[in-house]
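Chain residues, written in single-letter form:
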Amino acid sequence: MTWTADAPAISAAFLGSLVEAVEALTIVLAVATVRSWRPAGLGAVAGLALLVLIVLVLGPLIDRVPLQVLQLIIGILLLLFGMRWLRKAILRAAGLIPLHDEAMIFATETAELRDKARRNEAKLDWLAGLASFKAMVLEGLEVVFIVIAVGAGGGQLIPASLGALAACALVAIVGLGVHRPLARVPENTLKFAVGVMLSAFGVFWTGEGLGVPWPGEDLAIVAFVALFLVTALAAVALVQRANAEAVP
Amino acid sequence: MNALINIARELANLFVDDGWLALAILGVVAFAGILSTLVPSSLATGVVLLLGCLGVLVANVASSARR
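Residues numbered from 1 in each chain as written. Chains lettered and ligands numbered in written order. Predicted model: local features only at pLDDT ≥ 70, side-chain atom pairs only at ≥ 80, totals over all residues. Heavy atoms only, no water.

Novice: Would you mind showing me how to read the interface of chain A and chain B here?
Specialist: When the parts come together, some accessible area is lost, and that loss is often what is quoted as the size of the interface. Residue-level contacts link 34 residues of chain A with 35 residues of chain B. Buried area between chain A and chain B, both sides added, is near 3200 Å², and the carbon and sulfur share of it is 83%. Among the elements that line the side of chain A that touches chain B, the one with the most residues is helix α3 (residues 67–93) of chain A, at 12 residues. The class makeup of the residues in the side of chain A that touches chain B is 25 nonpolar, 4 polar and 5 charged. (Contact = heavy atoms within 4.5 Å. Buried area = accessible area lost by both parts, 1.4 Å probe. Helix = DSSP H or I, 4+ residues; strand = E, 2+ residues; numbered from the N terminus. Nonpolar A, V, L, I, M, F, W, Y, C, P; charged D, E, K, R; others polar.)

Rendered as structure tokens:
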């Protein structure tokens, strides 16, 4: 394991997983607040169990796919996933769409669960557990995808997994310690950074899959990160200026 | 059943949020793929891929801003 080769995979997996873990924690905390820790915990554990099962089933299959095909598939998925994140982060940074607000999501989720409680008290434990399970599975699948995407193409699954595990452990420890949503995490800045990194990885792996002889090999990713970052910052400035000119 | 459908829908949304962005990215990849079959192992494919993706991103953001 060499730091220079593994650092991009570890940091992309860590930052991406941090965002997803914060989002999952918000829902689990909302469930625990409205009902109790029992359905919230059971739903989260069931979600984690399903994720482990998915990784155990899909993990060995990855080795069977030819490397160049794997790189192409992962590269395309990374481009779709990363550029979608980056586009939203640019629009949020430019003020065109509202920032992701964990405190508001927590309040909305809590209100929805309370409304369900009034209508159907008997099924509430089940509904609360399902909400926790769904949050864990959906956000967890994004973590699994990020780890596979940044790690599988270049044999860096272990460093990427370590980055993701560190992020999830950090969020779990801090979140369970403070017992409220981590609203002060600069989520859009993180999403901006992860969107830039995943898009850069996407271009690199898609190119590898198409047989492109990138100059500098893995180091080309650093250049792509810089290019995506400069372009994204320029896009934010462009949209902000256009907005300012449009408002009299 | 509804929960499963919702999960499947949200999974699809992981990759496709703005349909035009997804289609444009796939178009750039397809163009780069055709180029790579015509000129194998060429850096030109990489340049098309990289500049195409950056161009798609800027064009999509600009178009979203106009909307």
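Novice: Is there a simple way to explain the environment of A:Leu190 in this structure?
Specialist: On the secondary structure map, A:Leu190 appears in helix α7 (residues 187–209). For the pair A:Leu190 and A:Ala12, spaced 178 residues apart in sequence, the C-alpha to C-alpha distance is 10 Å.

Novice: Please clarify how helix α8 (residues 220–246) of chain A should be interpreted in this entry.
Specialist: Since the α-helix turns once every 3.6 residues, residues separated by three or four places project in the same direction. Here α8(A) contains 27 residues, and its C-alpha end-to-end distance of 39 Å stays within 8% of the 39 Å for a straight helix at 1.5 Å per residue. Every buried residue of α8(A) is listed here: A:Ala220, A:Ile221, A:Phe224, A:Phe228, A:Thr231, A:Ala232, A:Ala235, A:Val236 and A:Val239. Along its buried surface, α8(A) packs onto α3 and α7 of chain A together with α3 (43–66) of chain B. (Expected span 1.5 Å × (residues − 1). Buried < 20%, exposed > 50% of the residue type's maximum accessible area, 1.4 Å probe, protein only.)

Novice: Even after reading the chapter, I still don't get the packing of aromatic side chains, so can you show me in this structure?
Specialist: A ring pair, where both rings are aromatic, is described by two values, the distance of the centres and the angle of the planes. Residue and element names in this part refer to chain A. For the coordinates displayed, the defined rule picks out 5 aromatic pairs over all chains. Between the aromatic rings of Phe81 and Trp85, the centroid separation amounts to 5.4 Å while the plane-to-plane angle is 35 degrees, which identifies the pairing as tilted. Of this pair, Phe81 and Trp85 both sit in helix α3, 4 residues apart, roughly one helical turn. For the residue pair Phe81 and Trp85, the accessibility class agrees, reading buried in each case. Between Trp214 and Phe224 the ring centres are 4.8 Å apart and the planes differ by 75 degrees, which places this aromatic pair in the edge-to-face class. Of the two residues, Trp214 sits in the loop between α7 and α8 while Phe224 sits in helix α8, which places them 10 residues apart along the sequence. Here Trp214 and Phe224 have matching classes, each one buried. Aromatic ring contacts, followed pair by pair, group Phe204, Trp205, Trp214 and Phe224 into a single cluster. (Phe/Tyr/Trp six-rings, centres within 6.5 Å; stacked < 30°, edge-to-face > 60°.)

Novice: Mind showing me how you'd approach the nonpolar core here?
Specialist: Burial of nonpolar side chains together is a common tendency in soluble globular proteins. In terms of nonpolar packing, the biggest core is built from 72 residues, with A:Ile90, A:Val203 and A:Phe228 touching the most fellow members. Contributing elements (two or more residues each) for this core: α1 (3–34), α3, α5 (124–151), α6 (157–178), α7 and α8 of chain A together with α2 (19–38) and α3 of chain B. The greatest single-element share of this core, amounting to 13 residues, is contributed by α3(A). The residues touching A:Ile90, leaving out its near neighbours within four places in the chain, are A:Phe192, A:Ala232, A:Ala235, A:Val236, B:Leu57 and B:Val61. Membership of the second largest hydrophobic core comes to 10 residues, among which are A:Val28, A:Ala32, A:Ala44 and A:Ala131. (Core = buried A, V, L, I, M, F, W, Y, C linked by side-chain atoms within 4.5 Å.)

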